[in-house]
Amino acid sequence: MTVADATAVRPRVHSLGYLGLTSTDLDGWRTFATDIAGMAISDTSSENELRLRIDEYQWRISVTPGDGSVAFVGWEVAGKAALDAIVADLTAAGVAVEEDSKLAQERGVLELVRSEDPAGNQIEFFYGPITESKPFVSPQGVEFVTGEQGLGHVVLATPSAEETERFYVDLLGFRVSDRVNLGPVVAMFAYVNPRHHSLAVVQAPERLLHHFMLEVTSLDEVGLALDRSLASNAHQPATGLGKHTNDQAVSFYLTTPSECRVEYGWAGRQLDLDLNPSTTVVYTGGSIWGHKSV
Ligand code: FE
């Protein structure tokens with residue numbers, strides 16, 4: 001099957017479920033998450049793991065001590081049948097995949113399998129996340145867009161972009177949304193639910209999580225986060241406001257106490273999984289306006 005044919009396949013993955021980061025500065029993360037980004041500390045946090053809430057899920061982002069690189073990316077699937085189908089597909093393709101009930105318990109999900117993508121990222125597929133009956137209350141009054149669109153999106157940089165694309169698109173059924181010409185490289189954006197992209201893959205000399213994105217429900221929440229960032233000493237914005245060409249989100253980027261940035265955005269375009277696009281648009285740049293480095 002080629003990448004183009006994959007548009008006929010229903011994605012195996014439901015959404016971006018959770019994200020594991022490492023950092024040399026957990027205290028910095030705590031302040032950044034609550035005071036700037038408006039996330040809440042999860043009750044499931046421990047001394048060695050900061051867990052952050054943005055919705056009813058017990059946690060969506062985990063930060064543990066380390067060098068700042070990404071620790072794991074969790075993809076949520078609808079249930080056991082979808083998980084079994086992924087295991088079968090990966091196994092048939094010769095990709096090692098391992099059920100891990102101990103890790104499932106740690107993460108707070110019913111069942112989980114872990115594997116590695118061709119970029120070398122630990123990826124986990126799971127279903128049945130534990131949700132809190134206590135409602136999510138943002139310390140900054142922020143409401144995040146999650147639900148069927150999941151946590152947000154991740155942009156993976158890798159020396160093996162083509163192989164990584166084949167893995168997510170051909171094997172796992174991610175749909176190519178479009179591509180963006182970033183000068184020396186063309187980034188691939190892919191979706192598994194109405195969110196314009198849950199994943200982007202871009203060729204780079206080294207593996208890294210370039211950024212992840214959180215979406216909020218209003219432009220004011222983006223502007224207020226930018227104001228909080230500008231008023232802080234430690235957590236200045238990495239860019240100014242801008243609007244992306246492909247998903248049309250209005251956003252800005254923040255430097256996190258990990259190596260990745262976080263994109264804080266609003267009004268990302270939604271795609272229809274039933275439309276089955278047969279062509280792929282390439283944009284000549286990432287932003288219509290803005291996103292200038294500061
Ligand atoms: Fe982004």
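Since the structure is predicted, the reported quantities are computational estimates derived from the model, not experimental observations.

Here we look at the confidence of the model for the protein
On average, the protein scores 95 in pLDDT, and the residues at 70 or more come to 96%. When the criterion is pLDDT under 50, residues 1–7 qualifies, and its contacts beyond four places in sequence or with other chains add up to 15 contacts.

Quick look at the coordination of the iron ion
Six octahedral donors at a metal ideally form angles of 90 or 180 degrees, and four tetrahedral donors ideally form angles of 109.5 degrees. Protein coordination of the iron ion is provided by His153 (NE2), His211 (NE2) and Glu263 (OE), with donor distances spanning 2.0 to 2.2 Å. Positions of the donor residues of the iron ion, expressed as sequence spacing, correspond to H-x57-H-x51-E. One end of the pair, histidine 211, is in strand β13 (residues 208–216); the other, glutamate 263, is in strand β16 (residues 261–266), with 52 residues separating them in the sequence. Using a relative accessible area of 6% as the deciding quantity, one classes histidine 211 as buried. Residue class for glutamate 263 comes out buried when judged on its relative accessible area of 1%.

Structural notes on the packing of aromatic side chains
By the definition in use, this model includes 12 aromatic pairs. The interplanar angle of 90° and the centroid separation of 5.1 Å between the aromatic rings of phenylalanine 167 and tyrosine 168 together place this pair among those described as edge-to-face. Taken as a pair, phenylalanine 167 and tyrosine 168 share a single burial class, namely buried. Seen in terms of ring centroids, tyrosine 168 and phenylalanine 174 are 5.3 Å apart; in terms of plane orientation they differ by 70°. Their pairing is edge-to-face. No difference in accessibility class separates tyrosine 168 from phenylalanine 174, as the two residues are buried. An aromatic cluster is present here, built from Tyr18, Trp59, Phe72 and Phe126 joined pairwise through their rings. Lying over the aromatic face of tyrosine 57, arginine 60 brings its terminal NZ or CZ to 3.6 Å of the ring centre. Geometry around phenylalanine 72 places arginine 107 over its ring, the cationic atom sitting 3.6 Å from the centre.

Remarks on the sheet that holds strand β14 (residues 242–244)
Strands sit in the order β17-β10-β11-β12-β9-β13-β16-β15-β14-β18 across an open sheet of 10 strands; the sheet is mixed. Every other strand in the sheet has two partners, leaving β17 (282–283) and β18 (287–290) as the edge strands with one partner each. Pairing of strand β9 (residues 153–158) with strand β12 (residues 199–203), which is carried by five bridges, proceeds in the parallel orientation. In the strand pairing of β12, alanine 157 is matched with valine 202. Helix α4 (residues 161–171) rests against β9, β10 (175–181), β11 (186–191) and β12 of the sheet, and its axis sits at about 160° to β12.

Details of the pattern of salt bridges
Any two side chains of opposite charge can pair, given that their charged atoms come close. Per the counting criterion, the structure on display carries 15 salt bridges. With a closest N to O distance of 2.7 Å, arginine 60 and aspartate 55 form a salt bridge. Across the pair, exposure class does not vary: arginine 60 and aspartate 55 are buried alike. With a shortest N-O distance of 3.1 Å, lysine 80 and glutamate 111 are connected by a salt bridge. Placement of the pair is lysine 80 in helix α2 (residues 80–92) and glutamate 111 in strand β7 (residues 109–116), with a sequence separation of 31 residues. Judged by its relative accessible area of 41%, lysine 80 is partly exposed.

Re the environment of threonine 164
Relative to the elements of secondary structure, threonine 164 occurs in helix α4. Taking C-alpha positions, threonine 164 is 12 Å from alanine 190, a pair spaced 26 residues apart along the chain. For threonine 164, the contacting residues outside a window of four places in its chain are Pro118, Ala119, Thr158 and Val201.

Regarding unusual backbone geometry
Of note, the phi angle at glutamine 248 is positive, near 60°, even though the residue is not glycine. Among the secondary structure elements, glutamine 248 is positioned in the loop between β14 and β15 (250–255). Positive phi outside glycine occurs at histidine 291, with the angle close to 60°. Take histidine 291: it is sitting in the segment after β18. Looking at histidine 291, the relative accessible area reads 12%, which means it is buried.

The rules we used
- Residues numbered from 1 in each chain as written.
- Predicted model: local features only at pLDDT ≥ 70, side-chain atom pairs only at ≥ 80, totals over all residues.
- Heavy atoms only, no water.
- pLDDT = per-residue confidence, 0-100.
- Contact = heavy atoms within 4.5 Å.
- Donors = N, O, S within 2.8 Å, 3.2 Å for Na, K, Ca; no water.
- Helix = DSSP H or I, 4+ residues; strand = E, 2+ residues; numbered from the N terminus.
- Buried < 20%, exposed > 50% of the residue type's maximum accessible area, 1.4 Å probe, protein only.
- Phe/Tyr/Trp six-rings, centres within 6.5 Å; stacked < 30°, edge-to-face > 60°.
- Lys NZ or Arg CZ within 6 Å of the ring centre and 35° of its normal.
- Pairing = 2+ DSSP bridges.
- Axes fitted to C-alpha atoms, helices over the stretch in contact; angles between N-to-C directions.
- Salt bridge = Lys/Arg side-chain N within 4 Å of Asp/Glu carboxyl O.

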